[in-house]
Structure formats: structure tokens, C-alpha cells
Amino acid sequence: MKTIFVHGSGQRSNSWDKVLSEIEYKNECLTPDLRDILKGKSATYKNLYGAFKSYCDQFEEKINIVGLSLGGILALEYTLENPEKVQKLMLVATPHKVPKLVFTIQNIVLRFLPSSLFKDMAFNKKDTLALGKSMKDLNFTNRVSKLKNETCVVCGQKDKTNLKSAYYLKEHIKNAKLIIVEGAGHVLNEEVPEKVAGVINGFFE
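Described in the following lines is the structure provided in the data block. What you are looking at is a predicted structure, and each value in this text was computed from that prediction instead of being measured.

Before going further, it helps to spend a moment on the sheet that holds strand β5 (residues 150-156). An order of β2-β1-β3-β4-β5-β6 is seen for the 6 strands of this open sheet, with the pairing classed as parallel. Single-partner strands in this sheet number two, and they are β2 (29-30) and β6 (176-181). In terms of strand pairing, strand β3 (residues 63-68) meets strand β4 (residues 86-92) through 5 bridges, oriented parallel. Residue pairing in the sheet places Ile65 in a bridge with Leu89 of β4. Sheet strands touched by helix α4 (residues 70-81): β1 (2-6), β3 and β4. Its angle to β3, the strand with the most contacts, is close to 145 degrees.

See the structure below:
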């Protein structure tokens, strides 16, 4: 069974490399790059989700999905809309609703950063700002309780922005387990890849 690893907005697909080096079944792992699957379309959440859905729909058999942050949001929505396609779901540092105040402040800060700082991120400065604007009203609060797929929610202890969401997802998803990684922040796949790989190996064994 294929396992799809979906990176965050500040990353590229290679952000999973250290995690995958510790995965027991790495030959079945796929790491799509969000910039690439958009195929030149404008970077709005609607377009990005449509591209991600098309990517996942190409597999006839069921898939597992591991998503971090933006990748987790995409994975969550896909599983909600296509529960029969997903065997297991892992949500890493994933909000159940977009924190508007945090997003607003983040977008203000991003506007003043030089474009060169975005070269290793999923999208350039213009697209990053456009994507953030298109996501400000995303909210899965009234939908996550409908999720029946086996789910693992993972969050860093220091990721204060998403910690409340992690507990919310655990409480409202019937088949969810929660793992809090002590001493870790938001980008768990880069900060503590060995720990993330250990959680993945246990959950998807």
C-alpha cells in the first residue's frame, strides 16, 4: 500500500528525506511536491486541493496519507471527502481551522521579507501570500467528527499554535490517537525526523 507524505508550505518534498531514511517500507512511500502538482496554476487553496485530489485519485488501491501543516490540511480534507480511498491518516502539526489572527500577522511579516528567502519554500513570495489569503476561512470544526478512518494526530510540545487543534482532533475524531512530541516545535519532520519515523513505523506497521 502506498503512503503519501505531504509537506508544509515552508518546505519542499525533500523535507521528508531524513524521515524516509528511517522508514521500514520506504519503497512504498511517495513525496509529491506541492509546487509541481499545481502544474503552473495559480496558488490558491482551491487549485492546490484540486491538484492534490487528482494526485491521490490516480491510485486504484487504498492509500495512507501523512500530512504536515498545509499538507495535513490537504490530507484531512481529502480523507473527509474520500473516506473509502484512505486506509490510515496521520496529521502532523495540523490545525482543524485556520487561526485567522496568526495567519494575518504571518502574512504581514511575509510581505516585508525579501523574495530570495522563499527559494526553498513550496511557493515564491507572491504565491505564498496568495495561498495564505485563500485559506483564511478554512474551518473543519463541524466536519472532523464525521471522520471514521483510523487517525494519528502528532504535534510538537512547543507548537503552541497547533497544540489546541491536536487535542481537538483527538477528542472529535472517533478512531484517533494523539502523540505529543516533547521538546519539538512545528516542523517535526526536520526537527526530530527519527522520532517522527518511529511514530510512523508503529502506526502503519
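Bringing the side chain of Asn189 into the picture now. In this fold, Asn189 is placed in helix α8 (residues 188-191). A relative accessible area of 1% means that Asn189 is categorised as buried. There is a polar contact of 3.2 Å between the side chain of Asn189 and the side chain of Ser15. The residues contacting Asn189, other than those within four sequence positions of it, are Gln11, Ser15, Trp16, Val19, Leu68 and Val196.

Quick look at the nonpolar core now. Judged by nonpolar contacts, the single largest core of 43 residues is most densely connected at Tyr45, Phe52, Ile65, Leu74 and Phe123. In terms of nonpolar packing, the next biggest core, distinct from the first, is built from 23 residues, Val66, Cys152, Val154 and Ala197 among them.

Our next topic: the packing of helix α3 (residues 45-57) against α4. Two numbers describe how α3 lies on α4: the axes approach to 10 Å, and their chain directions differ by 65 degrees. In this structure, α3 meets α4 at a crossing whose hand is right-handed. Residues Tyr45, Leu48, Tyr49, Phe52, Lys53, Cys56 and Asp57 of α3 touch α4, and the partners they reach there are Leu70, Ile73, Leu74, Ala75, Glu77, Tyr78 and Glu81. Its residues assigned to classes, the contact of α3 with α4 shows 10 nonpolar, no polar and 4 charged.

All told, the structure shown has 4 salt bridges when counted by the stated rule. Between Asp33 and Arg12 there is a salt bridge; the shortest N-O distance is 2.8 Å. Taken together, the positions of Asp33 in the loop between β2 and α2 (34-37) and Arg12 in the loop between β1 and α1 (17-20) put the pair 21 residues apart, joining distant regions of the chain. Asp33 sits in the buried class, given a relative accessible area of 7%. The residue Asp57 makes a salt bridge to Lys53 at a minimum N-O spacing of 2.7 Å. Linking Asp57 with Lys53, this pair stays in helix α3, spanning 4 residues, or about one helical turn. Judged by its relative accessible area of 33%, Asp57 falls in the partly exposed class.

About the criteria used
Residues numbered from 1 in each chain as written. Predicted model: local features only at pLDDT ≥ 70, side-chain atom pairs only at ≥ 80, totals over all residues. Heavy atoms only, no water. Pairing = 2+ DSSP bridges. Helix = DSSP H or I, 4+ residues; strand = E, 2+ residues; numbered from the N terminus. Contact = heavy atoms within 4.5 Å. Axes fitted to C-alpha atoms, helices over the stretch in contact; angles between N-to-C directions. Buried < 20%, exposed > 50% of the residue type's maximum accessible area, 1.4 Å probe, protein only. Polar contact = N/O pair within 3.5 Å; in protein donor to acceptor, adjacent residues only side chain to side chain. Core = buried A, V, L, I, M, F, W, Y, C linked by side-chain atoms within 4.5 Å. Left-handed = near helix turned anticlockwise from the far one by under 90°. Nonpolar A, V, L, I, M, F, W, Y, C, P; charged D, E, K, R; others polar. Salt bridge = Lys/Arg side-chain N within 4 Å of Asp/Glu carboxyl O.

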